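Listed below, chain by chain, are the residues.
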Amino acid sequence: MQLAEVPLLEARRLERRFGVSPILRGLDFTLQRGDVLLVVGENGTGKTTLLRLLAGLLRPTAGQVLFQGTPLQSSDPAGRRFTGLLSHQSHMYDELTLRENLVFAARLHGLENPGKLIDSAISAAGLEARADDRLGRLSRGMLQRAAIARAFLHQPSLLLLDEPFTALDTASAERVRAWLAGQAASGHGIILVTHQPSEVWDLATHVGVLAAGRWGIFEPRPPNIADFDRRYREATRV
Amino acid sequence: MSDPASVVSEDAFLRPILAVAAKDLRLELRGKTGLLSAVMFAALVLIIFNFSRDITLVSNVDFAPSVLWVTFAFGSVVTLNRAFHLERENAAFDGLRLAPVSRSSIYLGKLLANLVFAGIMELVTVPLFILFFDVSMGRAWLGVAGVTALATIGFVSVGTVFSAMVVRTRFAELMLPVLLLPFMVPPLIGATQATTRLLAGRPLSELWGWLRLLALFDIVFVTLCALTFWAVVDE
Amino acid sequence: MSTPSAGRSAIRNGLRLTLFGLCLLAGIYVLALHYTPMEIRQGLAQKIFYLHAPAAWSALLAFVFVGIVSVLYLWLQDPRLDLFAASSVEVGLVFCMVMLTTGPIWARPVWGTWWTWDPRLTLTLLLFFIFLGYLALRAALTDRSERARFSAVIGIMGLLLVPFIHLSVYLFRTMHPTPIVLKPSAPSLPPVMLTTLLASFGVATVLYIAFVMVRYGLALEAFAREEADLAA
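Calculation notes
- Residues numbered from 1 in each chain as written.
- Chains lettered and ligands numbered in written order.
- Predicted model: local features only at pLDDT ≥ 70, side-chain atom pairs only at ≥ 80, totals over all residues.
- Helix = DSSP H or I, 4+ residues; strand = E, 2+ residues; numbered from the N terminus.
- Rg over C-alpha atoms; globule rule 2.2 N^0.38 Å.
- Buried ≥ 20, exposed ≤ 12 C-beta atoms within 10 Å, placed from the backbone.
- Contact = placed C-beta atoms within 7 Å.
- Nonpolar A, V, L, I, M, F, W, Y, C, P; charged D, E, K, R; others polar.
- Axes fitted to C-alpha atoms, helices over the stretch in contact; angles between N-to-C directions.
- Parallel < 35°, antiparallel > 145°, perpendicular 65-115°, else oblique.
- Left-handed = near helix turned anticlockwise from the far one by under 90°.
- Core = buried A, V, L, I, M, F, W, Y, C linked by C-beta atoms within 7 Å.
- Pairing = 2+ DSSP bridges.
- Expected span 1.5 Å × (residues − 1).
- pLDDT = per-residue confidence, 0-100.

1. A few points about the overall build of chain B
Phase 1 of the analysis: Helix and strand counts for chain B come out as nine helices and zero strands.
Phase 2 of the analysis: N-terminal to C-terminal, the α/β element order of chain B is α-α-α-α-α-α-α-α-α.
Phase 3 of the analysis: Its C-alpha atoms give chain B a radius of gyration of 19 Å, within 12% of the compact-globule value 18 Å for 235 residues.
Phase 4 of the analysis: Once the C-alpha set of chain B is aligned to its principal axes, its extents read approximately 75 × 35 × 30 Å.
Phase 5 of the analysis: Counting only residues that meet the buried cut, chain B has 48% of its 235 residues in that class.
Phase 6 of the analysis: Here the analysis covers contacts within chain B between residues at least 6 apart in sequence; of these, 86% occur between residues at least 24 apart.

Structure representation (structure tokens):
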């Protein structure tokens, strides 16, 4: 099998239970390079759980996650090198500065030329002026930009984002959208969980809706969001 | 496929360990309250010991090793909860788990940081101990330092794993000593016996068995803890 | 995954075995009190040895099982292994308590003191606390998988602690009689006493297995009920 044929990401019969109740009941899908998958759904449908499974933070109760054909295993750290997750929490320390947090992240990931990467991440986030302030002093919007910088400092090929536009003003959101477009264009895969698909509709190549732990909808992104909206409501009607 | 910026190099094992430890140290030096409290706690325990015996009946010489080691034991426990408590803010621990770093490395990094803090606590306690209990170490100080290092590794190796477990419970500060104290018994026995002999100026041959016990305990438990840490942090 | 019937049959068989074991225990009493000669120096108090030593044996057996099953759990991730380990801990705790109460009852008339810090008593005392800590932690954790994994880690670490406790405590001077059964040459107990003692070890093992079966059966049933509730 040629390298080009192996999907970037593949989930096979992915299941995850919380205690006894199943959150995900057997998900299958693949993601190719350059794909942008929007995952839409109500709270509690398992969107965050899905991202965490794909990032290797949770182990599936059943099923597998394959990254470029290799199964993801928590005992094999190298498998996490190519994935980056932006979650609701920043994974950073309030008492350290943004720069110190990024230096730590760089050391954890064993990055070459960390200084350069950190500088460019800081300027991409527009936080040069505040990079040496303690993180606890930054506003919510700045924190979100900082979190994005930290989550993707190691330039992963698979980007997982859980509601990235939270707390962002219009200008910052536009910058993030443009950056995401650039990531997809350079062949990285993106899975983005959002409450408001309209924010990134044009960027998406695929759309998925989780309902009762399975895909209620999973399809290439339709051109008309209103049409999707109607089917979304049908699919998630209890 | 575009290559991410990361690289796997020869120091890939040591690097995350040192990174985690350095980060912990930096955070603690910035906050300071945790370490300061631990040091004060140890000093106060020493002071309480003084009042807990009749000075005409119990001589300093007999009492001293026990005092030192009970203080070190409880002082070490107090320094332990810091390590995983600080990772709860902003789900920082998830950041560690997301990285391409093995669970054993995370453990060893935390262990290293904990050892430094316990060491600082002990370093401050010893002069106070010498002062309060009129102990003359003489040339024994090197031996006592060695024994302290070995026994502290014993306490902290198991303590690091247990503190990672109890941080998820409601009464972490209480659960930790409840779980940990039985495990501190062998190193405590070894350390007290060795210290008694050292302070009495006994020859090395009498110490050898105890030192071996301490070293063996450390090797077994550091290895075991590093190998089972994944069970405590994977979900 | 596990049906209530598996639990019920474990309980049933466990109760049968318990009954059998208790009969055997009664037999031991008879043996110990009527057929085994009195020990000259210690008198009647020595008879408690036939309860005390086997209880310690069962406590240790329980502990070893917990350690082994914990390793298996971390390897196979089967929740039933976790239930089994927890059951073994509870049973072990009971045997610890028997040992720790018979010890002082024996020590007082024979050595004039309630508690002796000899190696075996001390080891059992520490096992008692490790068992208790294990159960306390389980009670404080609500997530099943977390509870099972953490318990397994304690189980394994506890098992590896035992030789160290034994070694370090043994190097203290002791008041416990030197091992008279497990000597490499012929044991220095007269044959009748030896028989009674070995028989009581056997009974203690049977009772251990029986109690664990019942407890495990109860745990399986509770587990199955929980699953049924949540799936409904």
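Moving on from the coordinates now.
2. What about the overall build of chain A?
Phase 1 of the analysis: Counting its regular elements, chain A contains six helices and 10 strands.
Phase 2 of the analysis: For 238 residues, the compact-globule formula gives about 18 Å, and the C-alpha radius of gyration of chain A, at 18 Å, lands near that figure.
Phase 3 of the analysis: Its C-alpha atoms give chain A principal-axis dimensions of about 50 × 40 × 40 Å.
Phase 4 of the analysis: A separation threshold of at least 6 residues defines the contact pool for chain A, and within that pool the share at least 24 residues apart is 66%.

3. Regarding the interface of chain A and chain B
Phase 1 of the analysis: Each partner contributes residues to the interface: chain A has 34 residues there, and chain B has 32 residues.
Phase 2 of the analysis: Across the side of chain A that touches chain B, the residue classes tally to 15 nonpolar, 12 polar and seven charged.

4. Focus on the packing of helix α2 (residues 98-109) of chain A against helix α1 (residues 14-31) of chain B
Phase 1 of the analysis: Viewed as axis vectors pointing N to C, α2(A) and α1(B) meet at an angle of 160 degrees, and their least axial separation amounts to 8 Å. As judged from the angle between their axes, α2(A) and α1(B) are roughly antiparallel. Helix-helix and strand crossings are classified by hand; for α2(A) and α1(B) the assignment is left-handed. In this structure, α2(A) uses F104(A), R107(A) and L108(A) to contact α1(B), whose residues at the interface are R15(B), P16(B), A19(B) and K23(B).
Phase 2 of the analysis: Here the residues of the contact of α2(A) with α1(B) are counted per class, giving four nonpolar, no polar and three charged.

5. Quick word on the nonpolar core
Phase 1 of the analysis: One finds A146(A), L160(A) and A62(C) to be the most contacted residues of the largest nonpolar core, which totals 205 residues.
Phase 2 of the analysis: Sort the elements by how many residues they give to this core and helix α6 (residues 191-231) of chain C lands first, with 15 residues.
Phase 3 of the analysis: With residues up to four places along the chain from it excluded, the contact list for A62(C) reads S88(C), V89(C), V91(C), G92(C), F95(C) and Y208(C).

6. Some words on the sheet that holds strand β7 (residues 158-162) of chain A
Residues and elements named next belong to chain A.
Phase 1 of the analysis: Read from one edge to the other, the open sheet built from six strands follows the order β6-β7-β8-β3-β9-β10, with strand pairing classed as mixed. Edge positions in the sheet fall to β6 (83-86) and β10 (214-220), since each has one partner strand and no second. Recorded for the sheet is a direction-independent mean angle of 15 degrees between the axes of neighbouring strands.
Phase 2 of the analysis: Direction of pairing for β6 relative to β7: parallel, over a ladder of four bridges. Bridging from a neighbouring strand, L85 pairs with L160 of β7.

7. Quick notes on the packing of helix α6 (residues 103-133) of chain B against helix α9 (residues 204-233) of chain B
Residues and elements named next belong to chain B.
Phase 1 of the analysis: Following both chains from N to C, one finds α6 and α9 inclined at 105 degrees, their axes separated by 8 Å at the closest point. Classified by the interaxial angle, the pair formed by α6 and α9 is roughly perpendicular. Residues R103, S104, I106, Y107 and L108 of α6 touch α9, and the partners they reach there are C225, A226, L227, F229, W230 and V233.

8. Regarding helix α3 (residues 79-111) of chain C
Phase 1 of the analysis: Between the first and last C-alpha of α3(C) there are 47 Å, a value that for 33 residues agrees with the 48 Å anticipated at 1.5 Å per step.
Phase 2 of the analysis: Residue G112(C) follows α3(C) closely and has a positive phi angle near 80 degrees.

9. Some remarks on the environment of G27(C)
Residues and elements named next belong to chain C.
Phase 1 of the analysis: Locating G27 in the fold gives a position in helix α1 (residues 4-35).
Phase 2 of the analysis: Classification of G27 as partly exposed rests on a count of 13 C-beta atoms within 10 Å.
Phase 3 of the analysis: Sequence separation of G27 and D118 is 91 residues, and the distance between their C-alpha atoms is 30 Å.

10. Overview of the confidence of the model for chain B
Phase 1 of the analysis: Looking at chain B as a whole, its pLDDT mean stands at 90, while 95% of the residues score no less than 70.
Phase 2 of the analysis: Scored as a complex, the prediction yields pTM 0.91 and ipTM 0.91.

11. Description of the sheet that holds strand β5 (residues 70-71) of chain A
Residue and element names in this part refer to chain A.
Phase 1 of the analysis: With antiparallel pairing, four strands are arranged side by side in an open sheet as β2-β1-β4-β5. Taken across any chain shown, the strands that pair with only one partner, and hence form the sheet edges, are β2 (21-31) and β5.
Phase 2 of the analysis: Note: strand β4 (residues 62-67) against β5, two bridges, orientation antiparallel. If you follow L66 over to β5, its bridge partner there is P71.
Phase 3 of the analysis: Here helix α1 (residues 47-55) sits on the sheet and contacts β1 (9-18), β2 and β4; the angle it forms with β1, its principal contact strand, is near 120 degrees.

12. Side note on unusual backbone geometry
For residues other than glycine, phi is negative in most cases, and the peptide bonds are mostly trans.
Residues and elements named next belong to chain A.
Phase 1 of the analysis: For R13, which is not glycine, the phi dihedral falls at a positive 45 degrees.
Phase 2 of the analysis: Even without a glycine there, the phi angle at E163 is positive, about 50 degrees.
Phase 3 of the analysis: Within the secondary structure, E163 is located in the loop between β7 and α5 (170-185).
Phase 4 of the analysis: Accessibility expressed as a C-beta count within 10 Å gives 18 for E163, which makes it partly exposed.

13. Some details on the pairing of β2(A)
All names here are of chain A.
Phase 1 of the analysis: As paired strands, β1 and β2 are joined by eight bridges and run antiparallel to one another. Counterpart to L9 in the pairing with β2 is L31.
Phase 2 of the analysis: The turn linking β1 back onto β2 is made up of two residues, and G19 within it adopts a positive phi angle of 70 degrees.

14. A short note on the environment of R82(B)
Phase 1 of the analysis: Along the chain, R82(B) turns up in helix α4 (residues 82-85).
Phase 2 of the analysis: With 126 residues separating them along the chain, R82(B) and W208(B) place their C-alpha atoms 34 Å apart.

15. Things to note about α1(A)
Phase 1 of the analysis: Counted residue by residue, α1(A) has eight buried out of nine residues, so it is predominantly covered.
Phase 2 of the analysis: Within α1(A), burial applies to K47(A), T49(A), L50(A), L51(A), R52(A), L53(A), L54(A) and A55(A).

16. Describing the environment of E90(C)
All names here are of chain C.
Phase 1 of the analysis: Mapped onto the elements, E90 comes out in helix α3.
Phase 2 of the analysis: A residue is classified by how many C-beta atoms lie within 10 Å of it, and E90, with 18 of them, is partly exposed.
Phase 3 of the analysis: As a C-alpha pair, E90 and P191 span 101 residues in sequence and 34 Å in three-dimensional space.

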